[in-house]
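# Coordinates in review
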Amino acid sequence: MITERTGLIIWVNDIKPAKNLERFGSIHYISKKMSYVVLYIYSDKLEETLKGLQRLPYVKKVERSFRNEIKTEYSRNNQEEPDKSLNPQEISEA
């Protein structure tokens, strides 16, 4: 059985203590330049994890990732027809 997971983007003041966020879930990425951490947690523990994260002194803001809600399957029928006014052969001849 696959457990549903949710991504969190956690903006931090300092990267060093941000490595301790691994106790809440799986750290996917740490950006040193922009000072944020991408963390994946189990969806059923989302509320209690958010409360715990927001109490930490080095956490500025916590955002939820909507990646699992974005449509990733596309069908040919739903796409618009490509613009035929610009023919690639006409462009190369010019």
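Right, let's walk through the structure included here. Just so we're clear, the structure is a prediction, and the values are computed from it rather than from any experiment.

### Examining the environment of Phe 24
- Among the structural elements, Phe 24 can be located in the loop between α1 (15-18) and β2 (26-31).
- Here the alpha-carbon distance between Phe 24 and Leu 50, two residues 26 residues apart in the chain, equals 9.5 Å.
- Setting aside residues up to four positions removed in sequence, Phe 24 forms contacts with Leu 39, Ile 41, Thr 49, Gly 52, Leu 53 and Leu 56.

### Quick look at the side chain of Thr 49
- Topologically, Thr 49 is positioned in helix α2 (residues 46-54).
- Taking relative accessible area as the criterion, Thr 49 reaches 7% and is therefore assigned buried.
- Each residue touching Thr 49, except ones within four places of it in the same chain, is listed here: Phe 24 and Ile 41.

### Focus: the pairing of strand β1 (residues 5-12)
- Most of β1 is tucked away, with six of its eight residues classed as buried.
- Relative to strand β3 (residues 36-42), β1 is paired through seven bridges, and the arrangement is antiparallel. Counterpart to Ile 10 in the pairing with β3 is Val 37.
- For β1 and strand β4 (residues 59-64), the ladder comprises five bridges, and the chain directions are antiparallel. Bridge pairing links Ile 10 to Val 62 in β4.

### What to know about the packing of aromatic side chains
- Here the structure, examined in full by the defined rule, presents two aromatic pairs.
- Arranged with centres 5.3 Å apart and planes meeting at 50 degrees, the rings of Trp 11 and Tyr 36 form a pair that is tilted. With Trp 11 in strand β1 and Tyr 36 in strand β3, the pair connects residues that are 25 residues apart, well separated along the chain.
- The interplanar angle of 50 degrees and the centroid separation of 6.1 Å between the aromatic rings of Tyr 29 and Tyr 36 together place this pair among those described as tilted.
- Judged by its relative accessible area of 19%, Tyr 36 is buried.
- Here the aromatic cluster, defined as three or more aromatic residues joined through ring pairs, consists of Trp 11, Tyr 29 and Tyr 36.

Rules behind the numbers
Residues numbered from 1 in each chain as written. Predicted model: local features only at pLDDT ≥ 70, side-chain atom pairs only at ≥ 80, totals over all residues. Heavy atoms only, no water. Helix = DSSP H or I, 4+ residues; strand = E, 2+ residues; numbered from the N terminus. Contact = heavy atoms within 4.5 Å. Buried < 20%, exposed > 50% of the residue type's maximum accessible area, 1.4 Å probe, protein only. Pairing = 2+ DSSP bridges. Phe/Tyr/Trp six-rings, centres within 6.5 Å; stacked < 30°, edge-to-face > 60°.

Worth remembering: the numbers are spatial, not functional.
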